[in-house]
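Take a look at the letters that make up each chain.
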Amino acid sequence: MKPFSGNFTQQEALDDAVIAAATRILGSGRLHRYNSEPGEMSAASELEQAYATYQGARYCLACASGGYALSIALRAAGLEPGETVLTNGFTLAPVPGAVAAAGGKPLLVEITGNLVIDLEDLARKAGTSGARFLLLSNMRGHLADMERLADIVRQHDLILIEDCAHTMGAAWNGRKSGNFGLAGCFSTQTYKHLNSGEGGLLTSDDPDFMARAIILSGSYMLYERHGAAPPADVFERIRLETPNMSGRMDNLRAAILLPQLSRLEDNIERWNERYRAVEQALAGVDGVALPCRPAEERYVGSSIQFRLPGISPALAGAFVAANKALGVELKWFGASDPVGFTSNHHSWRYVDPQALPETDRVLSGLFDMRLPLTFSVADCRHIGAIIAHCAAELGADA
Ligand SMILES: *Cc1c(COP(=O)(O)O)cnc(C)c1O
């Protein structure tokens, strides 16, 4: 088997339009979002308008990171200290971290073999806990049945905030991920769908919520200079009782995101071609289970996951090593000690320990890989063939 030599953390270089936008801001010296001239729209405000339009939301706030967007969304939604927040038992650590930052207590909900929140466990826990909040994480870009989820949200009078770090541009039955509840939270960190190094976007149709979020983000009473904000009178009601928790986005990052946003739809197609190339190589390989992608789901295949159900920890380690020897970098979510990421609830010791047997069973055989756009479709076929080869070797050894 010929080894693969690509780099799994190398994103595409940013093009000339992006570099020109950055140069313009640097040349102006006005990097702070409120450092604009009279009548000038700051790059941060332009980005807010452009993203609100893309998302189909009334309001948008650009801020410091995706995790920051999640935590101020919880606060702006009225989370009280010590209050319970329902959230996925499998997600990235900034999600339980955002609940902790906002002073809440995560109540973890099981996931299914398709890596989405288990709607039965959600309904059960919503009923028994009386929680008011659901912080739904569309982890690794997988969408639950959003219509059934919205029914549960209605039945239990939950306030829904969506973590769309991996579902920027995704949709369920034509409705964009992030538009199913009170707010959508997005990340523009390097490994997501737009790249400004770090950054976050928060969207909502609710004026009071968005006014609180803007003040929380550190608007220094300059909220009238925002690009996609509610009218000034909405702020009057809350401006002096909402704390400033500085986490603004600057004009430099906003300026480099704007030209990228216009290419997002093309890039989604490019990610999905790559996703399908790996998926095809793994389909039908003995012992490999791929998450199903329902017809209602428009996904963004910026990473791919698959399971080897029932694999032992020793064999999982050997499988990762065999792939690595052939140049393919896999993450395994079942490891007892987190290396390079923390997505297993057992390593979130600031959260009350919770029994999630189904999630544990899924994670014990779950593998994951990024698909940066620097890989060609042929690269992705090659990677898929390597993984299939290593899975077949496992079968032969077992
Ligand atoms: C990356 C990520 C976040 C947080 O984004 P940051 O911008 O890094 O704070 C939240 N949720 C998930 C599932 C993520 O992958």
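Use the structure listed above.
In what follows, the accompanying structure is described. Computed from a predicted structure; not experimentally measured. (Residues numbered from 1 in each chain as written. Predicted model: local features only at pLDDT ≥ 70, side-chain atom pairs only at ≥ 80, totals over all residues. Heavy atoms only, no water.)

### Quick notes on the overall build of the chain
No. 1: Along its length, the chain carries 13 helices and 13 strands.
No. 2: Along the longest, intermediate and shortest principal axes, the C-alpha atoms of the chain span 70 × 55 × 35 Å.
No. 3: When each of the 398 residues of the chain is scored for burial, the buried share is 55%.
No. 4: By sequence separation, contacts in the chain at least 24 residues apart represent 72% of the contacts at least 6 residues apart.
No. 5: Accessible area of the chain: about 16100 Å², with a carbon and sulfur share of 51%.
No. 6: Averaging the coordinates of the 35 positive side-chain charges in the chain and doing the same for the 45 negative ones gives two points 3 Å apart. (Helix = DSSP H or I, 4+ residues; strand = E, 2+ residues; numbered from the N terminus. Buried < 20%, exposed > 50% of the residue type's maximum accessible area, 1.4 Å probe, protein only. Contact = heavy atoms within 4.5 Å. Areas by Shrake-Rupley, 256 points an atom, 1.4 Å probe, with all protein chains shown as cover. Lys, Arg positive; Asp, Glu negative; His and termini not counted. Charge placed at Lys NZ, Arg CZ, Asp CG, Glu CD.)

### A closer look at the side chain of Asn 344
No. 1: With respect to the helices, strands and loops of the structure, Asn 344 is situated in the loop between β12 (331–332) and α12 (357–364).
No. 2: A polar atom in the side chain of Asn 344 sits 3.2 Å from the backbone oxygen of Phe 333.
No. 3: Not counting the four nearest positions on each side in its chain, Asn 344 is found in contact with Phe 333, Ala 335 and Leu 363. (Polar contact = N/O pair within 3.5 Å; in protein donor to acceptor, adjacent residues only side chain to side chain.)

### Quick notes on the packing of helix α3 (residues 66–76) against helix α7 (residues 207–216)
No. 1: In contact at an axis separation of 9 Å, α3 and α7 are set at 125 degrees when each is read in the N-to-C sense. Between α3 and α7, the angle falls in the class oblique. As α3 runs across α7, the sense of the crossing is right-handed. Facing Tyr 68, Ile 72, Ala 73, Arg 75 and Ala 76 of α3, the residues of α7 in contact are Phe 209, Arg 212, Ala 213 and Leu 216.
No. 2: Residues that form the contact of α3 with α7 fall into these classes: seven nonpolar, no polar and two charged. (Axes fitted to C-alpha atoms, helices over the stretch in contact; angles between N-to-C directions. Parallel < 35°, antiparallel > 145°, perpendicular 65-115°, else oblique. Left-handed = near helix turned anticlockwise from the far one by under 90°. Nonpolar A, V, L, I, M, F, W, Y, C, P; charged D, E, K, R; others polar.)

### Let's talk about the sheet that holds strand β11 (residues 303–307)
No. 1: With respect to topology, three strands assemble into an open sheet ordered β11-β13-β12, the strand pairing being antiparallel. At either margin of the open sheet sits one strand with a lone partner, and together these are β11 and β12.
No. 2: Note: β12 against strand β13 (residues 366–370), two bridges, orientation antiparallel. Along β13, the bridge assignment pairs Lys 331 with Asp 368. (Pairing = 2+ DSSP bridges.)

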